[in-house]
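Summary of the model geometry
Residue-level listing of the chains:
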Amino acid sequence: MHALSIPTWIIHISSVIEWIVAIWLIWTYGELTKNRSWWGLSFAMLPALISAMCACTWHYFDNAESLEWIVTLQAAMTLVGNFTLWAAAVWIWRSTKSTNPVEPKTIKSEQ
């Protein structure tokens, strides 16, 4: 008996494909806007993609005990990916702050 059912495989594989498409779309958006921080986001998404591929690989080999190191790699890539995505989000936030300065509105009291 295999570790995953066909519907579960469909979800796993489509999620990996969806992530790859998202990386490509974000990279393209960065090119169109000429904002390098979006390229940073597409690179920051790679550890999460590696994590997903680790999960698919482990399940493909029916969760073999000899490949349990892949589960550790998956966890590490998830952790690294969370930090790289956070850093990319901060970079995007800072880049939009510097390109779109917004004057704070002051409230004048009537005296």
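Structural notes, computed from the coordinates. (Residues numbered from 1 in each chain as written. Predicted model: local features only at pLDDT ≥ 70, side-chain atom pairs only at ≥ 80, totals over all residues. Heavy atoms only, no water.)

This part covers the overall build of the protein chain. Helix and strand counts for the protein chain come out as four helices and zero strands. Burial statistics for the protein chain: of 111 residues in total, 25% are counted as buried. Nonlocal contacts in the protein chain, meaning residues at least 24 apart in sequence, comprise 61% of its contacts between residues at least 6 apart. Of the roughly 8600 Å² of accessible surface on the protein chain, 69% is carried by carbon and sulfur atoms. (Helix = DSSP H or I, 4+ residues; strand = E, 2+ residues; numbered from the N terminus. Buried < 20%, exposed > 50% of the residue type's maximum accessible area, 1.4 Å probe, protein only. Contact = heavy atoms within 4.5 Å. Areas by Shrake-Rupley, 256 points an atom, 1.4 Å probe, with all protein chains shown as cover.)

We describe a pair of aromatic rings using the distance from one ring centre to the other and the angle between the two ring planes. All told, the structure shown has four aromatic pairs when counted by the stated rule. Where W27 meets W39, the ring centres are 5.1 Å apart and the plane angle is 20°; that geometry is what we call stacked. With a gap of 12 residues between them, W27 in helix α1 (residues 6–33) and W39 in helix α2 (residues 36–44) connect regions that are remote in the sequence. Judged by relative accessible area, which is 30%, W27 ranks as partly exposed. Taken together through their ring pairs, the aromatic side chains of W27, W39 and F43 make up a single cluster. (Phe/Tyr/Trp six-rings, centres within 6.5 Å; stacked < 30°, edge-to-face > 60°.)

With that settled, the discussion passes to the nonpolar core. L4, W9, V16, I23, I26, L41, A44, M45, L49, C56, A88 and I92 form the largest nonpolar core, which has 12 residues in total. Sorting the residues of this core by element identifies α1, α2, α3 (46–60) and α4 (69–99) as the ones contributing at least two each. With four residues, the top contributor of residues to this core is α1. In this structure, W9 is in contact with L4, C56, H59 and Y60, ignoring residues within four places of it in sequence. (Core = buried A, V, L, I, M, F, W, Y, C linked by side-chain atoms within 4.5 Å.)

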